[in-house]
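Below, each chain spelled out in residue letters.
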Amino acid sequence: MKRAFRVLLIGRRFWPHGSSDSACFLTELAGALRRGGMHVEVLTPRYASSWPENLVVREIPVHRPTAAPRSDWSIARYLKHTTTWLRQHAAGFDALLVDAIREESIVVTEVAKQLGIPVLLRCSGWGENSDSKWWSSSRAAKRCCNIAKTANAVVIKNGIQQRELISEGFSPANTHRISDGFPAFAPRTVATKHAARKALAAVNADLSTVETTPVILCTSPMTRNGGINLLVKAAPHLINRYPDLRIWFIGDGPYRDWIYESLRGDGIRASIAMPGSFSDFTELCQAADVFFQPDDDGLDYFLPTAVAAELPVVCLKTGATEALFRPGLPSPTQSPADNALQNLPDTESLVHWFDASTPKQARLACVDVLDDLTVAQQKAAELRRLLVRANPRSESVQSYIHLLGKLAQHPQTDTSSTETAS
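Since this is a predicted model, take the numbers as computed values, not measurements.

Reading guide: rules and limits
- Residues numbered from 1 in each chain as written.
- Predicted model: local features only at pLDDT ≥ 70, side-chain atom pairs only at ≥ 80, totals over all residues.
- Heavy atoms only, no water.
- Helix = DSSP H or I, 4+ residues; strand = E, 2+ residues; numbered from the N terminus.
- Rg over C-alpha atoms; globule rule 2.2 N^0.38 Å.
- Buried < 20%, exposed > 50% of the residue type's maximum accessible area, 1.4 Å probe, protein only.
- Contact = heavy atoms within 4.5 Å.
- Areas by Shrake-Rupley, 256 points an atom, 1.4 Å probe, with all protein chains shown as cover.
- Lys, Arg positive; Asp, Glu negative; His and termini not counted.
- Charge placed at Lys NZ, Arg CZ, Asp CG, Glu CD.
- Axes fitted to C-alpha atoms, helices over the stretch in contact; angles between N-to-C directions.
- Parallel < 35°, antiparallel > 145°, perpendicular 65-115°, else oblique.
- Left-handed = near helix turned anticlockwise from the far one by under 90°.
- Core = buried A, V, L, I, M, F, W, Y, C linked by side-chain atoms within 4.5 Å.
- Salt bridge = Lys/Arg side-chain N within 4 Å of Asp/Glu carboxyl O.
- Expected span 1.5 Å × (residues − 1).

Each helix and strand counted, the protein has 16 helices and 14 strands in total. Relative to the compact-globule value of 22 Å for 422 residues, the protein shows a C-alpha radius of gyration of 22 Å, a close match. Seen along its three principal axes, the alpha-carbon backbone of the protein occupies a region of about 65 × 50 × 45 Å. Counting over 422 residues, the protein shows a buried share of 55%. A separation threshold of at least 6 residues defines the contact pool for the protein, and within that pool the share at least 24 residues apart is 68%. Accessible surface computed for the protein: about 18,000 Å², of which carbon and sulfur atoms make up 51%. Of the charged side chains in the protein, 46 are positive and 43 negative, and the gap between their average positions amounts to 4 Å.

The subject of this paragraph is the packing of helix α8 (residues 228–241) against helix α14 (residues 359–370). Between α8 and α14, the shortest axis-to-axis distance is 8 Å and the interhelical angle comes to 45°. Considering their axes alone, α8 and α14 lie oblique with respect to each other. In terms of crossing hand, the pair formed by α8 and α14 is right-handed. Seen from α8, the contacting residues are L230, K233, A234, H237, L238 and R241; seen from α14, they are P359, A362, R363, C366 and V367.

The next thing to look at is the nonpolar core. Counting residues in each nonpolar core, the largest one holds 68 residues, and the members touching the most others are L9, L33, L120, L217, W248 and F325. Of all the elements, helix α1 (residues 21–35) adds the most residues to this core, at 7 residues. Look past the residues within four positions of L120 in its chain and what remains in contact with it is L96, L97, V98, A153, V154, V155, Y400, L403, L404 and L407. Residues W85, V108, I117 and A148 belong to the second largest nonpolar core, which totals 34 residues.

Looking now at the pattern of salt bridges. Under the definition given, this model contains 22 salt bridges. Across the pair D300 and R122 runs a salt bridge whose closest N-O atoms are separated by 3.2 Å. In this pair, D300 is assigned in the loop between β12 (290–293) and α11 (302–308) and R122 in strand β6 (residues 119–122), connecting sequence segments 178 residues apart. Judged by its relative accessible area of 2%, R122 falls in the buried class. The salt bridge partner of D252 is R256, with a shortest N-O separation of 3.7 Å. Take D252: its relative accessible area is 35%, and that puts it in the partly exposed class.

Taking 1.5 Å of rise per residue, 13 residues should cover 18 Å, and helix α3 (residues 103–115) covers 19 Å from first to last C-alpha, within 8% of that figure. For α3, the set of buried residues is E104, S105, I106, V107, V108, T109, V111 and A112. Buried residues belonging to α3 abut β1 (6–10), α2 (72–89), β5 (95–98), β6 and α5 (139–148). Directly beyond the C-terminal end of α3, a positive phi value near 75° is found at G116.

Next comes the structure, spelled out in structure tokens:
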């Protein structure tokens, strides 16, 4: 009996909760690769000493041999322990996949070369949060970029990243364009919305609503300068206009308490909910009426999931968010599958954009949706139909599976002909 292809996923965060976009994406990718017939294991740090070093999540073994880095000193310790673990265990895998071209990519690439195992790096993040922007932040970050050029292959998500990496000196033959795609969910119905709201209310009383109550959902990180502050500042005006409105701020962050006190000080505590993290983000999407996307964070998992759930999207217009909804111009290194997506129908008109990162513009975009939710929901259904049909998550996963298999068969061979989905 032929054994399953064994792949080790390496990431800074891995956990199916509604707080970290990269963690949610890596969790979904691991599960999809497993369903595709691969044996998948995950290497990630632990963020508390009480956490177990080994566990199983959705039938996927997860290894957490070292503590997560919290400073320049601890990052060196973290990388040293990660290197030790890889030297002891990585030989049992056919390929290694790293979900970001940051510190982990250095040790994984070096150990993989010593053991003769192919390594696939994924360029993570969007816009100002992308790996390519981070490389210019320090000499150590730039070293990650230089080491990544020696990897067997690098996955990028769109034409913007492709041009950035080529300008950094990456070989076009080793860069492979695979977008994250959009998952396929069952169509949204009144019954599914009611069931989701009932289930969430049983979990947290702050999420209790009636069927007619409009709900805005936001998952932006709770940081000092994060985009979530746009909705925080716009919330009093929105609730004054729509007294029955509820706003759900999902996730965590260092400014969570400040945000809560600010909203309570505005006298709208009863209209907002900050329930923390959730293991099933799709249920939140089924219960909400509008998804608010205020920055470039959350474009790997949260925003595509909201689109797939047929939520009207209020979104800040940036190069990254526009690229998510419509592929960029074709490039010579794109595959036929990439170029076929240039015939994608206009989807930008189905998104409720706001051009300036100001509370007023965010509020006006929300008003545009809430004033006529029926029309907004029709646009959301059409947006989902077009994007899921043109850029399905299933094709993205198959592209990863195909590329990993190709690298394992010919680790030193040009795999630029690998067929990818974008």
